[in-house]
Amino acid sequence: MSNENNAAVQKTSLACRSSFFLTDFCGNLLFCIIGSYILYFYTDVFGLPVTVTGMLLLFTRFLDAIDAPIWGSIVDHTHSKYGRSRPYFLWLAIPFAFSMWLTFTTPSFLGETGKIVYAVFTYLIAGIVYSGVQTAITSILPNLTKNHEERMVLNSFRMVGGSVGAFISMTFTLPLVKFFGGDDPQRGFSLTVGMFGIIAVILLVFAFRHLREQNVETNKAIPVKDSLKAVSGNWPWILLVTANLLVWIDISVRQGTLIYYCKYVLGDEDLTSVLNGVMMIVCLITFAGMAFIVKFTGKTGAMLLGFVLIIAGHAGIYASGSSNALIIACWIAAAVGQALICAMPFGMLADTVDYGEYKTGIRAAGFLTAIGSALCIKAGSGLGAFLPTLVLDHYGYVANAQQSADGLYGITMNFVWLPCIISVIAAVPMLFYKKYEAQENTIVAALQKRNAA
């Protein structure tokens, strides 16, 4: 069969593309509520002290981050009539939605100690289940088609789906909390997340029904010890994972402290939803034009451009004072930057898998991508939620009260300058990554020759 005919056979259906769109849509519809509002929820709604909240988020995120390689190994060793990755959309749909609902539900009978235990347990379980969903989304792609161009199409559907889910979550959560809860934000958060959870269950089951893994039989299970060998000497993977960890710290800080800046510094809490909505629209447009941008900047250049735009955007917001028009303009620039640094590592991880195979002969795709994506997202989110609590506590932040000058300075430090500092640090490993990007064509050609032998 010719390459042309083979490509035609491997072209995926609209139902398959739409289902892959829905997987990340559901993941972000629920998980982005954690990224954007969990810090605010715990301090201003659930009623935990800011120092306790910081330690809780750090402890649970790092404890829960170690499940990423475990999930990767579980999926790689799954054998069912549905495939390896696909069944997890069915098996984890209800646990994912239910654990997220519990996380944002406040039982009235709990005391202070009970609240802490409840928060640790629910937040930890929600994160573990999310890792399973996220691992399945990433690992199923190679099994949907062997056509590399079609994989890029499917990945675009995934990124757009994730953006739409994040847009709905970040834009409408607070208005829905007020709509359902009125003066009771605890009730509002519980009902809002519950509604999102029901939607996610229905759509994940739909995705399960319409996705098909086509080449599971050709994938051999890789022992963990061999997977670790693929890490040894894989410097582009090490550099990219380091940068991606910092990326998710950066993103978590930006999204988690936005509501504080709007509420206390700008005096307009409702501006949070507006800026979140603007950001997700901008991210969606940026994702759609990603290939065009990379054509001119290269992959490393796109990442570095993203960091520059975040720094310029946040510094510009500080200089904008109380002008909403200027703040939105600078926020748009930073949103383009966030879209670039968020999306690029997902595609670049595949290149580091090639490098690992080139150096060691081991293609540990599931293991390497699970650590490079799920672990970085969760550990980075934990650190990104923890660091601002240190700053808030140091400068005397008091929840639901008029802030002192020091308190306002701490909020500004968190939202404006901390993302700038992290962006500078994250850019350093990408400067070293550039030389490995230049070797990609040579590595791909060598692997093709080796596999054809």
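Conventions used here
- Residues numbered from 1 in each chain as written.
- Predicted model: local features only at pLDDT ≥ 70, side-chain atom pairs only at ≥ 80, totals over all residues.
- Heavy atoms only, no water.
- Helix = DSSP H or I, 4+ residues; strand = E, 2+ residues; numbered from the N terminus.
- Rg over C-alpha atoms; globule rule 2.2 N^0.38 Å.
- Buried < 20%, exposed > 50% of the residue type's maximum accessible area, 1.4 Å probe, protein only.
- Contact = heavy atoms within 4.5 Å.
- Polar contact = N/O pair within 3.5 Å; in protein donor to acceptor, adjacent residues only side chain to side chain.
- Core = buried A, V, L, I, M, F, W, Y, C linked by side-chain atoms within 4.5 Å.
- pLDDT = per-residue confidence, 0-100.
- 1 Å grid on protein atoms, 1.4 Å probe; cavity = no way out; pocket = protein on both sides within 12 Å on 5 of 7 lines; lining within 4 Å.
- Points joined across faces, edges and corners; volume = space filled by probe spheres on them.
- Nonpolar A, V, L, I, M, F, W, Y, C, P; charged D, E, K, R; others polar.
- Patch = residues over 30% accessible without salt bridge, like charges linked within 9 Å, V, L, I, M, F, W, Y side chains within 5 Å.
- Areas by Shrake-Rupley, 256 points an atom, 1.4 Å probe, with all protein chains shown as cover.
- Salt bridge = Lys/Arg side-chain N within 4 Å of Asp/Glu carboxyl O.
- Bend = angle between axes of the 7 residues up to and from the residue.
- Phe/Tyr/Trp six-rings, centres within 6.5 Å; stacked < 30°, edge-to-face > 60°.
- Lys NZ or Arg CZ within 6 Å of the ring centre and 35° of its normal.

**With respect to the overall build of the chain**
The helix and strand inventory of the chain stands at 17 helices and 0 strands. Taken over C-alpha atoms, the radius of gyration comes to 22 Å for the chain, in line with the 22 Å a tight globule of 453 residues would show. Seen through its C-alpha atoms, the chain measures out along the principal axes to roughly 70 × 45 × 40 Å. Put simply, the chain has 453 residues, and 57% of those count as buried. Counting contacts in the chain only where the partners sit at least 6 residues apart, residues at least 24 apart contribute 83% of the total.

**Re the side chain of Asp 44**
On the secondary structure map, Asp 44 appears in helix 2 (residues 14–46). Only 3.4 Å separates the side chain of Asp 44 from the side chain of Lys 263, close enough to count as a polar contact. A polar side-chain atom of Asp 44 sits 3.2 Å from a polar atom in the side chain of Tyr 264. Residues within four places of Asp 44 in sequence aside, it is in contact with Tyr 260, Lys 263, Tyr 264, Tyr 397, Ala 399 and Asn 400.

**Structural notes on the nonpolar core**
Within the largest apolar cluster, 129 residues are counted, with the highest numbers of intra-cluster contacts made by Tyr 42, Phe 104 and Tyr 260. The element that contributes the greatest number of residues to this core is helix 2, accounting for 18 residues. Setting aside residues up to four positions removed in sequence, Tyr 260 forms contacts with Leu 39, Tyr 40, Thr 43, Asp 44, Val 265, Leu 392, Tyr 397 and Ile 411.

**Observations regarding the confidence of the model for the chain**
Confidence along the chain averages 86 in pLDDT terms, with 93% of residues attaining 70 or more. Of all secondary-structure elements in the chain, the lowest mean pLDDT belongs to helix 1 (residues 3–10), at 46, while helix 6 (residues 93–103) reaches the highest, 97. Below a pLDDT of 50 lies the segment residues 1–9, which in the model reaches 3 contacts outside its immediate sequence neighbourhood of four places, other chains included.

**Brief notes about the layout of surface pockets**
Of the volumes computed, that of the second largest pocket is approximately 190 Å³. Taken together, 13 residues line the second largest pocket, and the ones lying closest to its centre are Tyr 40, Val 177, Lys 178, Pro 185 and Glu 269. Of all the elements in the fold, those that place two or more residues in the lining of the second largest pocket are helix 2, helix 8 (148–181) and helix 9 (185–210). Residues belonging to the lining of the second largest pocket are distributed by class as follows: 6 nonpolar, 2 polar and 5 charged.

**So, a nonpolar patch on the surface**
On the surface, Tyr 318, Trp 417, Ile 421 and Ile 425 cluster together to form a nonpolar patch covering roughly 390 Å² of accessible area. Per element, the largest residue contribution to the nonpolar patch is 3 residues, and it comes from helix 16 (residues 405–437). Note that Ile 421 resides in helix 16.

**Examining empty space enclosed by the protein**
Scanning all chains against the criterion turns up 4 cavities of 30 Å³ or more. Put simply, the largest cavity is a space of about 360 Å³. In terms of lining, the largest cavity is formed by 26 residues, of which the most central are Asn 28, Cys 32, Ala 166, Trp 248 and Cys 342. If you list the elements that add at least two residues to the lining of the largest cavity, you get helix 2, helix 7 (112–144), helix 8, helix 11 (235–265), helix 12 (271–288), helix 14 (324–360) and helix 15 (365–394). Residues that form the lining of the largest cavity fall into these classes: 15 nonpolar, 9 polar and 2 charged. Counted as a void, the second largest cavity has a volume near 50 Å³. Forming the boundary of the second largest cavity are Ile 34, Gly 35, Ser 36, Tyr 37, Ile 38, Leu 39, Ser 252, Gly 256, Gly 384 and Ala 385. Within the residue set of the lining of the second largest cavity, elements represented by two or more residues are helix 2, helix 11 and helix 15. The biggest single contributor to the lining of the second largest cavity is helix 2, with 6 residues. Across the lining of the second largest cavity, the residue classes break down as 5 nonpolar, 5 polar and no charged.

**Brief notes about helix 2**
Residue Tyr 37 marks the point of greatest curvature in helix 2, where the axis turns by about 65°. Most of helix 2 sits inside the fold, with 28 of its 33 residues counted as buried. Positioned one or two residues after helix 2, Gly 47 has a phi angle of 95°, which is positive.

**Concerning the packing of aromatic side chains**
The relation between two aromatic rings is expressed through the spacing of the ring centres and the mutual angle of the planes. On inspection of all chains with the given rule, the structure shows 26 aromatic pairs. Pairing Phe 41 with Phe 104 gives two aromatic rings, centres 5.0 Å apart and planes at 55°, and the pair type is tilted. Here Phe 41 is found in helix 2, whereas its partner Phe 104 is found in the loop between helix 6 and helix 7, with 63 residues between them in sequence. What makes Phe 41 buried here is its relative accessible area of 0%. Both rings, one in Phe 46 and one in Tyr 118, keep their centres 6.2 Å apart while their planes meet at 15°; by these two values the pair is stacked. Taken together, the positions of Phe 46 in helix 2 and Tyr 118 in helix 7 put the pair 72 residues apart, joining distant regions of the chain. The exposure classification of Phe 46 matches that of Tyr 118, with both residues buried. Every member of this aromatic cluster is reached through a ring pair, and the members are Phe 41, Tyr 42, Phe 46, Phe 104, Tyr 118, Tyr 123 and Phe 189. The side chain of Arg 86 reaches across the aromatic face of Phe 208, ending 4.4 Å from its centre.

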